[in-house]
Amino acid sequence: MSNLISHDTLYYLSDYPYHQLASILGETSIEKDKHVLLHVGEPKTPQPEKVKSIIDAHSSLWSRYPPVNGSQELRHIIALWINKRYALQKLNIEGQKNVLCSTGSKEAIIQAVMAAKLIKESKLKTNQKPLIILPSPAYHVYFGAALAQNLDIMTLSVTHRDEFIADLTAVKPEDWQRCVGMVLCTPNNPTGIVFPKDDLKKCLELAQMYDFKLISDECYSEIYVDTPPCGVLEVADEDPQAIDSIIVVNSLSKRSGVPGLRSGFIVTGEKTLQILSLIRGYVGTQLPGPNDRVAQYLWQDEEHVEIARQFYREALNVFNTVFQGMDTFTRSEASFFNWFNCKMDGKKFTQFLWKNYGVSVLPGVLMTNHFDKKGKKANNNYIRLAAIYEPAKMMHAAKAIKDVFEEHH
């Protein structure tokens, strides 16, 4: 069920999970060139060939301050991509009215939470502390953004979709009333779950009813097997006025395999965009001119995206093949993650796997333990696996994971 947390910020703001991982892993005797690092979702797909030539051609832009919200050209191109990708009919996304560029999705999420709080908090009663609803397990930045804004945090389980929906109906009216935002991640990191349209519609209806922002992190939207995942914008298309109740975040990092480019976007309604634009004027980081030009190219080219998509299909299929028949394994619906139940302490499993096989994974508790420091630690028996290598390397890692599992059960 949902977990409501009041907190002391410094108490809960633990060290970043990837920093904690080093102490968990310990040492391994496996040679470095045989390591397989599945703990971080860093794309290994080939960089599109034109990236370097575009940056070189626009190197003169390094000497200019770029616009804080991205160039008009890039915002227009992103708007065109959004309208086409989600087949919008009633809702017409425009670059200057609805789109802001950001340096990746992390910055965008933090600023979305800031905006959600600023917009709602003046409407709350004196004794109402603003609340944000987060998924659990979750990308660490959601939690950090909430702490930075001194928000109460309520978590809803996304280990299984039906748990999330059950938690959603259990939230008390007084908590909805002080809610400034709800964060979703679909396709989900780390579980691979894709929220169907009806579930997204329920969330959007609640956002409209209780006047909070539905913040949807969709940075894995283009990594799927067959059918493009539904996005919140598709739901808003049925009621164009709903656009001011949503803030959608996406980026090129996973779609195009260029996380170092730091190019993302925020799309929302015109009123909310004005607030976000004010925020970015103070704490926004500009996308450098050459990066802006690369992003323009990448958002218009789908060929390299399909190449990446096929790469991840093949990588994920290795998990499907090696783990077939195991009740601890559930096929990922999208993204390149799998949420694996190792049926033992995830930290110990991770440590044993690294020590004996040189394969690193992320203990699930590192994506949830900051919510549960005073109580039972959630998802302690899970590990997150990232399918980011070519099949041969993935096969080695998957067999190692299965061997460790069978050795301990």
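Check the entry above for the structure.
Residues numbered from 1 in each chain as written. Predicted model: local features only at pLDDT ≥ 70, side-chain atom pairs only at ≥ 80, totals over all residues. Heavy atoms only, no water.

Q: Describe the pattern of salt bridges, naming the residues involved and giving the relevant values.
A: As enumerated under the stated definition, the model contains 18 salt bridges in all. Residue Arg 85 is joined to Glu 222 by a salt bridge in which the shortest nitrogen-to-oxygen separation is 2.8 Å. Of this pair, Arg 85 sits in helix H4 (residues 72-85) while Glu 222 sits in the loop between strand S7 (213-217) and helix H11 (232-236), and the two are 137 residues apart along the sequence. As far as burial versus exposure is concerned, Arg 85 and Glu 222 are alike and both buried. (Salt bridge = Lys/Arg side-chain N within 4 Å of Asp/Glu carboxyl O. Helix = DSSP H or I, 4+ residues; strand = E, 2+ residues; numbered from the N terminus. Buried < 20%, exposed > 50% of the residue type's maximum accessible area, 1.4 Å probe, protein only.)

Q: So, the pairing of S7: which residues are in play, and what are the values?
A: The element S7 is extensively covered by neighbouring structure, given that 5 of its 5 residues are classed as buried. Of the pairings in the sheet, the one linking strand S6 (residues 179-185) to S7 comprises 5 bridges and is parallel in character. Among the inter-strand pairings, Met 182 is bridged to a residue of S7, identified as Leu 214. The parallel pair S6 and S7 is bridged by helix H10 (residues 197-210), and the resulting crossover is right-handed. For S7 and strand S8 (residues 246-251), the ladder comprises 4 bridges, and the chain directions are parallel. Note on S8: the bridge partner recorded for Asp 217 is Val 249. (Pairing = 2+ DSSP bridges. Right-handed = clockwise from strand over helix to strand, strands pointing away.)

Q: Go over the nonpolar core, please, and point to the residues and values.
A: Ile 82, Ile 93, Phe 164, Met 182 and Leu 233 are the most contacted members of the largest nonpolar core, which has 54 residues in total. Top element by residues in this core is H4. It accounts for 6 residues. Counting residues in hydrophobic clusters, the runner-up holds 38 residues, among them Leu 316, Phe 337, Leu 353 and Tyr 389. (Core = buried A, V, L, I, M, F, W, Y, C linked by side-chain atoms within 4.5 Å.)

Q: Please set out the sheet that holds strand S13 (residues 382-386) residue by residue, giving values where relevant.
A: Taking strand neighbours across the sheet as the criterion, the 3 strands line up as S10-S13-S12 in an open arrangement whose pairing is antiparallel. Only two strands of the sheet have a single partner each, and these edge strands are strand S10 (337-341) and strand S12 (362-363). In this structure, S12 lies alongside S13, joined through 2 bridges in antiparallel fashion. Note on S13: the bridge partner recorded for Leu 362 is Arg 384.

Q: So what's going on with H4? Which residues, and what values?
A: Taking 1.5 Å of rise per residue, the 14 residues of H4 would be expected to cover 20 Å, and the 20 Å separating its terminal C-alpha atoms lies within 8% of that figure. Taken together, the buried positions of H4 are Leu 74, Arg 75, Ile 77, Ile 78, Ala 79, Trp 81, Ile 82, Asn 83 and Arg 85. Where H4 ends, the next residue or the one after it, Ala 87, has phi of about 50 degrees, a positive value. (Expected span 1.5 Å × (residues − 1).)

Q: Before we move on, could you go through the packing of helix H3 (residues 50-57) against helix H14 (residues 289-300) and cite the residues and values that matter?
A: Axis separation between H3 and H14 bottoms out at 8 Å; the angle between their running directions is 140 degrees. The orientation of H3 relative to H14 falls into the category oblique. Considering only the axes of H3 and H14, their crossing is right-handed. Of the residues in H14, those touching H3 at Lys 50, Val 51, Ile 54 and Ile 55 are Pro 290, Arg 293, Val 294, Tyr 297 and Leu 298. Here the contact of H3 with H14 is built from residues that sort into 7 nonpolar, no polar and 2 charged. (Axes fitted to C-alpha atoms, helices over the stretch in contact; angles between N-to-C directions. Parallel < 35°, antiparallel > 145°, perpendicular 65-115°, else oblique. Left-handed = near helix turned anticlockwise from the far one by under 90°. Contact = heavy atoms within 4.5 Å. Nonpolar A, V, L, I, M, F, W, Y, C, P; charged D, E, K, R; others polar.)

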